[in-house]
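The primary structure of each chain is shown beneath.
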Amino acid sequence: MLTPLQLVMFLIVFALSVLPLLWLAKSAISPTQEILREPFRLWPSDPQWANFASAWSELGVGRYLWNTVVLTGGSVFFQMLVATTLGFGIAVLRPRYSKAVYGAVLSTLLLPPTVLLIGLYLTILDVPLVGVNLQSTVWSVWLPAGVHGFSVLLCVRFFEGIPRELFEAAQIDGAGPWAIFRRIVLPMSKPILTVVGLLGVMASWKDFLWPLIAIPDSGAQPISVALARIAPFVQENMLFAALFIAALPPVLLFIVFQKHIVAGAGFSGLKG
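Residues numbered from 1 in each chain as written. Predicted model: local features only at pLDDT ≥ 70, side-chain atom pairs only at ≥ 80, totals over all residues. Heavy atoms only, no water.

J.: So what about the nonpolar core? Which residues, and what values?
T.: With 25 residues, the main nonpolar core has Phe88, Phe159, Phe167, Ile180 and Val185 as its most contacted residues. Taken together, the elements giving at least two residues each to this core come down to α4 (61–93), α5 (98–107), α8 (149–160), α9 (164–172), α10 (177–188) and α11 (190–206). A total of seven residues in this core trace back to one element, the largest contributor, which is α8. Here Phe88 is in contact with Leu93, Phe159, Pro177, Ile180, Phe181 and Val185, once residues within four sequence places are set aside. (Core = buried A, V, L, I, M, F, W, Y, C linked by side-chain atoms within 4.5 Å. Buried < 20%, exposed > 50% of the residue type's maximum accessible area, 1.4 Å probe, protein only. Helix = DSSP H or I, 4+ residues; strand = E, 2+ residues; numbered from the N terminus. Contact = heavy atoms within 4.5 Å.)

J.: Account for the packing of α4 against α8, naming residues and giving values.
T.: Two elements in contact, α4 and α8, have axes separated by 8 Å at closest approach and are oriented at 45 degrees. The orientation of α4 with respect to α8, classified from their angle, is oblique. As for how α4 packs across α8, the hand of that crossing is right-handed. Counting all contacts with α4, which are made through Gln79, Ala83, Thr84, Leu86, Gly87, Phe88, Ile90, Ala91 and Val92, the residues of α8 involved are Ser151, Val152, Cys155, Val156, Phe159 and Glu160. Counted by class, the contact of α4 with α8 contains ten nonpolar, four polar and one charged residues. (Axes fitted to C-alpha atoms, helices over the stretch in contact; angles between N-to-C directions. Parallel < 35°, antiparallel > 145°, perpendicular 65-115°, else oblique. Left-handed = near helix turned anticlockwise from the far one by under 90°. Nonpolar A, V, L, I, M, F, W, Y, C, P; charged D, E, K, R; others polar.)

J.: Go over the environment of Ala83 with me, naming the residues and quoting the values.
T.: Looking at the secondary structure, you find Ala83 in helix α4. Exposure remark for Ala83: the relative accessible area of 0% places this residue in the buried category. The spacing of Ala83 and Phe150 is 67 residues in sequence and 8.8 Å in space, taken between C-alpha atoms.

J.: Got a sec to walk through the packing of aromatic side chains? Specific residues and values, please.
T.: As enumerated under the stated definition, the model contains ten aromatic pairs in all. Centroid distance Phe78 to Trp142: 6.1 Å. Interplanar angle 35 degrees. Geometry classified as tilted. Here Trp142 lies in helix α7 (residues 139–146) and Phe78 lies in helix α4, a separation of 64 residues in the sequence. Accessibility expressed as a relative area gives 17% for Phe78, which makes it buried. Relative accessible area serves as the criterion here: at 15%, Trp142 is assigned to the buried category. Centroid distance Trp139 to Trp142: 5.2 Å. Interplanar angle 75 degrees. Geometry classified as edge-to-face. Of this pair, Trp139 and Trp142 both sit in helix α7, three residues apart, roughly one helical turn. (Phe/Tyr/Trp six-rings, centres within 6.5 Å; stacked < 30°, edge-to-face > 60°.)

J.: Tell me about unusual backbone geometry, residues and numbers included.
T.: Within the chain, Leu129 stands out as a residue other than glycine whose phi angle is a positive 70 degrees. Note on placement: Leu129 falls in the loop between α6 (117–125) and α7. The exposure class assigned to Leu129 is exposed, which follows from its relative accessible area of 94%. In this structure, Ser136 is a non-glycine residue whose phi angle is positive, near 70 degrees. Within the secondary structure, Ser136 sits in the loop between α6 and α7.

J.: Quick one: what's the story with the side chain of Ser151, residue by residue and with numbers?
T.: Examined against the element boundaries, Ser151 turns out to sit in helix α8. Assessed through its relative accessible area of 2%, Ser151 is described here as buried. Dropping the residues within four chain positions of it, Ser151 is found in contact with Gln79, Ala83 and Val196.

J.: Quick one: what's the story with the confidence of the model for the protein, residue by residue and with numbers?
T.: Across the protein, the average pLDDT comes to 88, with 93% of residues at or above 70. The weakest mean pLDDT in the protein belongs to helix α1 (residues 4–28) at 80; the strongest belongs to α4 at 95. When the criterion is pLDDT under 50, residues 268–272 qualifies, and its contacts beyond four places in sequence or with other chains add up to nine contacts. (pLDDT = per-residue confidence, 0-100.)

J.: Talk me through α4; I want residue IDs and the actual numbers.
T.: Spanning 33 residues, α4 covers 46 Å between terminal C-alpha atoms, matching the ideal 48 Å at 1.5 Å per step. At the C-terminal side of α4, Arg94 shows a positive phi close to 50 degrees. (Expected span 1.5 Å × (residues − 1).)

J.: Before we move on, could you go through the pattern of salt bridges and cite the residues and values that matter?
T.: Summed over all chains, the structure comprises three salt bridges. The partner of Arg41 in a salt bridge is Glu34, with the nearest N and O atoms 3.9 Å apart. Taking relative accessible area as the criterion, Glu34 reaches 5% and is therefore assigned buried. Glu38 serves as the salt-bridge partner of Arg37, at 4.0 Å between the closest nitrogen and oxygen. (Salt bridge = Lys/Arg side-chain N within 4 Å of Asp/Glu carboxyl O.)

Written as structure tokens, this is what we have:
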């Protein structure tokens, strides 16, 4: 049972988390002049529900959402691929150089993302050894998203918690590294894979700066970049309607899978 103080604190935190989304939804169906004149009005005087349909068709929200889904899906796939295979190598196979690789991965967590922008940009303009230009392609977003130090950390911590007796028994039965990875590690890692996937979706869906740099083609940009580009040229209520549509998928995804996130964080040994 929560104490009265804990209940009050919970309600305050809940209100601070939900109110911005509720205000965005209210503004999405409000007349533009009312948004400017009475921004904190609790309910619009003349709700305009057609704003959502107008934003979808006139602003091209549907196309930009599809671009976001494609970029997010590929980013999450490569992030999970690298995190699981690298985590498996460090935590289960444990070669001699595993600690050095693990330390190098963890060191990337200390670097601000903006420090890497120039290097990444020059790399996608002329990929080493291949010599191709990836700018304005999905690969310019997918490949950099694959190497994510925190996802590798989560997988390593989780894989280290799997009893090594299972791996030793599988090796006695003749299973190789690939068989152990596919038949033992992956089936037992659904909680942490869910966490890595959802965190990847959240990060990729809201990413703005790198897609803005890597994809200058307006027709291929995700919705976070596209709405910022067209914001000065549309009415406020249409913009808020588009923003609400853009914010809804990750919010619903988080609500549906929130139990899996908590379970995966607990299994990985993370606290705080």
